[in-house]
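What the coordinates show
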Amino acid sequence: QDAIVKSISMKQEITRSMRYKDNMEVTFATDLMVAKQTLEQTVTLANGTAKARFQSAAANAQMTQQTVQAEIDGFSNISTALGLTPTEVLDYLWWDLLKDDYKDPKEFLVGVNPAAYIRSDSHTDAATQPHAS
């Protein structure tokens, strides 16, 4: 009778192990499908993001190209109409750029050696003090 009980117990253990194996195969197959779907979504999203960035960069490049071409044409027309030399056009462009650069104000010292300029903010330097005689 002991052998019969062992045989039945062994058969139940084999059946339980087979069911566990089948359950794990289903679980692993499901996990594999989820992983493949996640991979597909990630690749699709990455490709979409890359294409969007490429399109944005191409649009920015096109806008820059059109803006530069319009400025070239405009300055060419003005210089031709006014009879300006290339040097005069460049001088105009230089001063126009400086005028428009209001966010970064600059100080200009014409005819002064920049090394000789001493800024006196809250303290006084001996170099800026009048000499007492």
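Residues numbered from 1 in each chain as written. Predicted model: local features only at pLDDT ≥ 70, side-chain atom pairs only at ≥ 80, totals over all residues. Heavy atoms only, no water.

When helices and strands are tallied, the protein shows 2 helices and 0 strands. In the protein, which comprises 133 residues, the proportion classed as buried is 2%. Just so you have it, the protein exposes about 12,300 Å², and 61% of that area is on carbon and sulfur atoms. (Helix = DSSP H or I, 4+ residues; strand = E, 2+ residues; numbered from the N terminus. Buried < 20%, exposed > 50% of the residue type's maximum accessible area, 1.4 Å probe, protein only. Areas by Shrake-Rupley, 256 points an atom, 1.4 Å probe, with all protein chains shown as cover.)

For the protein, per-residue confidence averages 83 on the pLDDT scale, and residues scoring 70 or more make up 74% of the total. Throughout residues 124-133 the model reports pLDDT below 50, and contacts reaching past four residues in sequence, or to other chains, amount to 5 contacts. (pLDDT = per-residue confidence, 0-100. Contact = heavy atoms within 4.5 Å.)

This brings us to helix α1 (residues 2-82). An α-helix turns once per 3.6 residues; consequently, residues spaced three or four apart project the same way. Under the 1.5 Å per step criterion, the end-to-end length of α1 is 118 Å for 81 residues, consistent within 8% with the ideal 120 Å. Just beyond α1, the residue with positive phi is Gly83, at close to 70 degrees. (Expected span 1.5 Å × (residues − 1).)

With that settled, consider the pattern of salt bridges. In the structure shown here, the tally under the stated rule is 2 salt bridges. The salt bridge partner of Arg16 is Glu13, with a shortest N-O separation of 2.6 Å. One end of the pair is Arg16 and the other is Glu13, both in helix α1 and 3 residues apart, which spans about a single turn. (Salt bridge = Lys/Arg side-chain N within 4 Å of Asp/Glu carboxyl O.)

A cluster of nonpolar side chains, contributed by Met10, Ile14 and Met18, occupies part of the molecular surface with about 310 Å² of accessible area. Along the chain, the position of Met18 falls in helix α1. For Met18, a relative accessible area of 44% puts it in the partly exposed group. (Patch = residues over 30% accessible without salt bridge, like charges linked within 9 Å, V, L, I, M, F, W, Y side chains within 5 Å.)

For the rest of this paragraph, the subject is the side chain of Ser79. Looking at where Ser79 falls in the secondary structure, it is placed in helix α1. Assessed through its relative accessible area of 14%, Ser79 is described here as buried. In contact with Ser79, not counting residues within four places along its chain, are Leu84 and Val89.

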